[in-house]
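Residue strings, one per chain:
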Amino acid sequence: MSNTRIDRLPNDNIPEYAFIGRSNVGKSSLINMLVQQRGLAKTSSVPGKTVAINHFIVNDAWYLVDLPGYGYAQHSKKLRDAWRIMINNYITQRRNLVTTFVLVDSRIEPQNNDLGFMEWLGENRVPFCIVFTKADKVSKAELDKNVEAFKARLSEEWEELPPIFITSSEKKQGRDEVLDYIEQQNAVVADLMNRKGHYYLN
């Protein structure tokens, strides 16, 4: 399902895991790698391809949610503002959302828009993980340097860092780790459902 309105998203009681990042961070390639279905999420060399909230059902057990990217200035301010409101409403109001995966380009140093978005998630008490993408495009030394720099910047404001994954869509690196994490969270959700009758975080 693809939609821009929160009230028209799937209304079944299935946990959701959202994926978001700066435009052209490799989000669609990562999604296709995770589900092993080329072309499920549309990839493009042009930033800003994803313009709606896209739900993909996985094994009839959970939704993978592809959110529009942020930080791309080539679209009109009106359109960017509409996307920001749509994303903010989804993340803060969607009761099915279990975890948000924030994608970061491992080739570059920490960016203020990535850090600012994570700070906003923390302020709104939204659980999230960091997924470094395109690990095969940079040397291990450069990768380690950029990851450590990012962790250092986060540690200035955070007492405990969120889970971190290193991925490469081309090499399928990090696939098992991300999916294992989702499976663990699904087990927590199932336990909460059994004990409380729901798993909603808000």
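Preceding this section is the structure that the text describes.
Residues numbered from 1 in each chain as written. Predicted model: local features only at pLDDT ≥ 70, side-chain atom pairs only at ≥ 80, totals over all residues. Heavy atoms only, no water.

**Re the overall build of the protein**
Rules: We count a stretch as a helix when DSSP gives it H or I for four or more residues in a row; a strand needs E for two or more, and each element gets its number in order from the N terminus. Exposure classes here rest on a 1.4 Å probe applied to the protein chains alone. A residue is buried below 20% of its type maximum, exposed above 50%, and partly exposed in between. Any two residues having at least one pair of non-hydrogen atoms within 4.5 Å are treated as being in contact. In short, Shrake-Rupley with a 1.4 Å probe defines the accessible areas, and a residue's cover is counted only from the protein chains shown.
Of regular secondary structure, the protein possesses five helices and seven strands. Every one of the 202 residues in the protein was classed for burial, and the buried ones make up 46%. Long-range contacts, defined here as pairs at least 24 residues apart, represent 74% of the contacts in the protein between residues at least 6 apart. Accessible surface, the protein as shown: approximately 10800 Å² in total, 45% of it carbon and sulfur.

**With respect to the packing of aromatic side chains**
How we decide: Here the aromatic set is Phe, Tyr and Trp, taking the six-membered ring for Trp, and pairing holds for ring centres within 6.5 Å; pairs whose planes are under 30 degrees apart are stacked, those over 60 apart are edge-to-face, and all others are tilted.
Counted according to the given criterion, the structure contains nine aromatic pairs. Seen in terms of ring centroids, Tyr17 and Trp62 are 5.6 Å apart; in terms of plane orientation they differ by 90°. Their pairing is edge-to-face. Of this pair, Tyr17 sits in strand β2 (residues 16-21) while Trp62 sits in strand β4 (residues 62-66), placing them 45 residues apart in sequence. Assigned by exposure class, Tyr17 and Trp62 land together as buried. Note on Phe101 and Phe165: the rings are 6.3 Å apart at their centroids and 50° apart in plane angle, and the pair reads as tilted. Of this pair, Phe101 sits in strand β5 (residues 97-105) while Phe165 is found in strand β7 (residues 164-166), placing the two residues 64 residues apart along the sequence. By relative accessible area, which is 0% here, Phe101 ends up buried. Judged by its relative accessible area of 9%, Phe165 is buried. Among the aromatic residues, ring-to-ring pairing joins Phe19, Phe101, Phe165 and Tyr181 into one connected group.

**A few points about the nonpolar core**
Put simply, the test is: Each nonpolar core is a collection of buried residues, namely Ala, Val, Leu, Ile, Met, Phe, Trp, Tyr and Cys, held together in the definition by side-chain atoms within 4.5 Å.
Formed by 31 residues in total, the largest nonpolar core has its most connected members in Leu67, Tyr90, Ile91, Val102, Met118, Ile130 and Phe150. Elements with a minimum of two residues in this core: β2, β4, α2 (77-93), β5, α3 (112-123), β6 (128-133) and α4 (140-155). Residues contacting Phe150, with those up to four places away along its chain left out, are Val104, Pro110, Asp114, Leu115, Met118, Ile130 and Phe132. Counting residues in hydrophobic clusters, the runner-up holds 21 residues, among them Ile31, Trp62, Phe101 and Leu103.

**Describing the side chain of Asp66**
Here is the rule we go by: We call two N or O atoms a polar contact when they sit within 3.5 Å, provided that within protein one can donate a hydrogen and the other can accept it, with sequence-adjacent residues counted only if both atoms are side-chain atoms.
With respect to the secondary-structure elements, Asp66 resides in strand β4. A relative accessible area of 2% places Asp66 in the buried class. Here the side chain of Asp66 touches Lys27 through a polar contact of 2.4 Å, side chain to side chain.

**Observations regarding the environment of Ala190**
Positionally, Ala190 belongs in helix α5 (residues 175-196). With relative accessibility at 39%, the residue Ala190 sits in the partly exposed group.

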